[in-house]
Number of protein chains: 2
Amino acid sequence: MKKIINNIDDIVSEMVHGIVSSYPQKLKILPGTLAIARNDAAFSDDKKVGVVSGGGSGHEPLHSGYVGKGMLCAAVCGQINTSPTPDQIYEAIKYADKGQGVLLIVKNYAGDDMNFDMAKELAEFDDIKVESILVDDDISAADDAEDTQGKRGVAGTVLVEKICGAAAEQGMELHELAQLGQRVINNTKTVAVALSAATVPAVGHPGFELDDDQMEYGVGIHNERGFSTEKIAPSKQIAEELINKILKSYDHNTGDYAVLVNGLGSTPLMEQFVFANDVLNLLKEKGIKVSFTKVGNKVTAIDMHGISLTLMKLENNWIEYLEAPTDAISW
Amino acid sequence: MKKIINNIDDIVSEMVHGIVSSYPQKLKILPGTLAIARNDAAFSDDKKVGVVSGGGSGHEPLHSGYVGKGMLCAAVCGQINTSPTPDQIYEAIKYADKGQGVLLIVKNYAGDDMNFDMAKELAEFDDIKVESILVDDDISAADDAEDTQGKRGVAGTVLVEKICGAAAEQGMELHELAQLGQRVINNTKTVAVALSAATVPAVGHPGFELDDDQMEYGVGIHNERGFSTEKIAPSKQIAEELINKILKSYDHNTGDYAVLVNGLGSTPLMEQFVFANDVLNLLKEKGIKVSFTKVGNKVTAIDMHGISLTLMKLENNWIEYLEAPTDAISW
């Protein structure tokens, strides 16, 4: 295992300190936690609904890179691939609450679901209004799959965070914000492909092995295996496969879409843009209108070599929320 | 070789088309070239000095990701690790010129130097005022090294592009802008370390081999070997080594600095922020004041696993140029 680190046990703490030390005008650590929160002057005068997310580390820039005016108020960082603890999430909720309540954006994994729920209960004892939404955009994991509790929350999470963050910034109240978030989640679908698995530092070797000419469709962001191991195909063929799988999952696939092409950690931008070119050409051929596109390492799986494609069917003024300004360092 | 591509010969063209198709409101391709240029409404009314850069592909997001209001007017994309041709650079100069002239920001490699010079001559026949500056921030290549024409232009280039782009946006005239750029270059120093080399697609294997426990100090962004192959050290020790080498290269190393921690392509953000934490702690211990920090994949070497550290000694109001807004997608 080759990594630029010190002690394995200190990686998350050192990373979190590295993030806030690099951007001290924007970010700070909440005392006694590994939660990263807004530190900009505008936040102290805020009277808006707070938006909080978090989860296991290893998916950077998710979630810490999305803390800032117009996105998240705080991101709670768990250990690698491990949910943050309820007490730390509770601290983030207290920090984010300005009397208007707090929306929790939670990826659909058992540990996250449970711990965010416990934090929500703790906050409710304090009379803080809290609502939460579960992101489950990964359509490669069937709802009844044995090794998951349903569809996983993956790259689409960043689009949910952007839209909810922008709507909160524009003054939307808590219950309406939760409804908006749920509607966005329903319209957001992701499938990934990997050429190689991630190496979790404490494990020391890749989570699964693929031959030199193999790739795997449908992987998750914690080295979850996918639905099919195949020979590496050209980018255009991969794009066709992912698009068809995603479009089939919508009841009606006409309309206007946002596209996210996401690198999973060690995939060069060169490959991501070659793939984006294929995706956008194929969608055009199919008569699908794309009004917003983003390409880059947005939700990663440590050093996995691979890519995910997310489509989101746009409604109402969502495009304005996607295009609204934000101070978050990694949007 | 595992890559998400189609035909090797089409990678750069497909990537360039992917970039502009993903961000059509901001970017376009100049006809008949692989030059990416500003396509925003503000540009057509511009009466400012144009700033143009470019070079071989494989270093994304450099330079294309830095095209936008407040940074570059155009970025000319050569084939992988190959300078763009003079005719394409000439087209970019003509597009960028609004009667106030054009500044060329060129990385210090023989091919780039020659081709940008030829393009400058072509533009001068058209009575376009052109000045150019050569970025040579990589202090690991000695001025008299046999295999280079001196110090190479590497990650520091993005800081030069940001400062010059912001100054041009604020109305600085051409000659003053070139002087500013040269002064920034003189104050900018970079050293890199690699845990593994990049695989150029047409070559099909890594440019050099390191053992499983080895790293190399002083590599370039085209798989140029460095000055020392050693056992992989902890992040903190690597940080100490790079900082000391850079600080020694300044005549006077007191003052106020900007820091860029740059991933070389396949390095997870987790490692980059662990390293940034070490760098910022060590600089603090040494009494060096840091007023600006940026961390991320800013100037890459395809899929090289490694990191570079850039320090820039700040003068005058440079910090304001670094912090000025820009529409560029990857700053």
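Cut-offs used in this document
- Residues numbered from 1 in each chain as written.
- Chains lettered and ligands numbered in written order.
- Predicted model: local features only at pLDDT ≥ 70, side-chain atom pairs only at ≥ 80, totals over all residues.
- Heavy atoms only, no water.
- Helix = DSSP H or I, 4+ residues; strand = E, 2+ residues; numbered from the N terminus.
- Expected span 1.5 Å × (residues − 1).
- Buried < 20%, exposed > 50% of the residue type's maximum accessible area, 1.4 Å probe, protein only.
- Arc of directions from axis to C-beta.
- Least-squares fit on C-alpha atoms with pLDDT ≥ 70 in both.
- Domains from an automatic or database assignment.
- Buried area = accessible area lost by both parts, 1.4 Å probe.
- Salt bridge = Lys/Arg side-chain N within 4 Å of Asp/Glu carboxyl O.
- Polar contact = N/O pair within 3.5 Å; in protein donor to acceptor, adjacent residues only side chain to side chain.
- Nonpolar A, V, L, I, M, F, W, Y, C, P; charged D, E, K, R; others polar.
- Contact = heavy atoms within 4.5 Å.
- Pairing = 2+ DSSP bridges.
- Axes fitted to C-alpha atoms, helices over the stretch in contact; angles between N-to-C directions.

### Regarding helix α4 (residues 110-125) of chain A
Residue and element names in this part refer to chain A.
Working step 1: Between its first and last C-alpha atoms α4 spans 23 Å; for 16 residues at 1.5 Å apiece the expected length is 22 Å, and the two agree.
Working step 2: Looking at α4, one finds that the buried residues are Asp112, Asn115, Phe116, Ala119, Lys120 and Ala123. Buried residues in α4, looked at end-on, bunch into an arc of 145°, giving them a common side. For α4, the exposed residues lying more than 90 degrees away from the buried face are Ala110, Met114 and Phe125.
Working step 3: Backbone geometry just after α4 places Asp127 at a positive phi near 65°.

### Quick look at the relation of the copies chain A and chain B
Working step 1: Relative to chain B, chain A is turned by 180° and slid 0.0 Å along the rotation axis, the superposed coordinates differing by an RMSD of 0.0 Å. On the angle and the small slide along the axis, the relation comes out as a two-fold axis. Distance from the rotation axis, computed per C-alpha, reaches its smallest value in chain A at Ser266 of chain A: 1.9 Å.

### Describing the domain arrangement of chain A
All names here are of chain A.
Working step 1: We note that the domain assignment places domain 1 (9-187) and domain 2 (188-314) within chain A.
Working step 2: Taken over C-alpha atoms, the centre of domain 1 sits 24 Å from the centre of domain 2.
Working step 3: Roughly 2300 Å² is buried in total at the junction of domain 1 and domain 2, and carbon and sulfur atoms are behind 63% of that figure.
Working step 4: Our count for the contact surface shared by domain 1 and domain 2 stands at zero salt bridges.
Working step 5: Where domain 1 packs against domain 2, one counts 13 residue pairs in polar contact (both at pLDDT 80 or more).
Working step 6: Of all the elements in the fold, those that place two or more residues in the side of domain 1 that touches domain 2 are α5 (157-169) and α6 (174-186).
Working step 7: Residues that form the side of domain 1 that touches domain 2 fall into these classes: 14 nonpolar, eight polar and five charged.

### Structural notes on the interface of chain A and chain B
Working step 1: On the side of chain B, 52 residues touch chain A, which itself brings 52 residues to the contact.
Working step 2: Counting the surface lost from both chain A and chain B, the interface buries some 4300 Å², and carbon and sulfur atoms represent 64% of this.
Working step 3: At the surface where chain A touches chain B, the tally comes to 18 residue pairs in polar contact (both at pLDDT 80 or more).
Working step 4: Breaking the side of chain A that touches chain B down by element, the ones donating at least two residues are α1 (11-22), α7 (235-248), α8 (269-285), β11 (289-296) and β12 (305-313) of chain A.
Working step 5: Partitioning the side of chain A that touches chain B into residue classes produces 24 nonpolar, 16 polar and 12 charged.

### Observations concerning the sheet that holds strand β1 (residues 27-29) of chain B
Residues and elements named next belong to chain B.
Working step 1: Spatial ordering of the open sheet is given by β1-β2-β4-β3-β5-β6, a layout of six strands whose pairing is mixed. The sheet is open, and its two edges are formed by β1 and β6 (130-135), each paired on a single side. This sheet shows a mean twist of 25° between the axes of neighbouring strands, independent of strand direction.
Working step 2: As paired elements, strand β3 (residues 50-57) and strand β5 (residues 102-107) share four bridges and run parallel to each other. By the bridge assignment, Ser53 is partnered in β5 with Ile105.
Working step 3: Running over the sheet, helix α1 (residues 11-22) touches β1, β2 (35-38), β3 and β4 (74-80) and is turned about 145° from β1.

### What to know about the sheet that holds β12 of chain A
Residue and element names in this part refer to chain A.
Working step 1: With respect to topology, six strands assemble into an open sheet ordered β9-β8-β7-β12-β10-β11, the strand pairing being mixed. Edge positions in the sheet fall to β9 (228-231) and β11, since each of these pairs with one other strand and no more. For this sheet the average axis-to-axis angle between neighbouring strands, irrespective of direction, equals 20°.
Working step 2: Two strands pair when backbone bridges link them, and strand β10 (residues 256-263) and β12 are joined in this way by seven bridges, in the antiparallel orientation. Residue Tyr257 lies in a different strand from β12, and its bridge partner there is Lys313.

### Regarding the pattern of salt bridges
Residues and elements named next belong to chain A.
Working step 1: Under the criterion given, the structure shown has 26 salt bridges over all chains.
Working step 2: Close ionic contact of Arg152 with Asp138 constitutes a salt bridge, the shortest N to O distance being 2.9 Å. Here Arg152 is found in the loop between β6 (130-135) and α5, whereas its partner Asp138 is found in the loop between β6 and α5, with 14 residues between them in sequence.
Working step 3: You can call Arg152 buried: its relative accessible area is 4%.
Working step 4: The exposure class assigned to Asp138 is buried, which follows from its relative accessible area of 2%.
Working step 5: Taken together, the salt bridges that share partners define one network made up of Arg38, Asp40, Asp46, Lys48 and Glu169.

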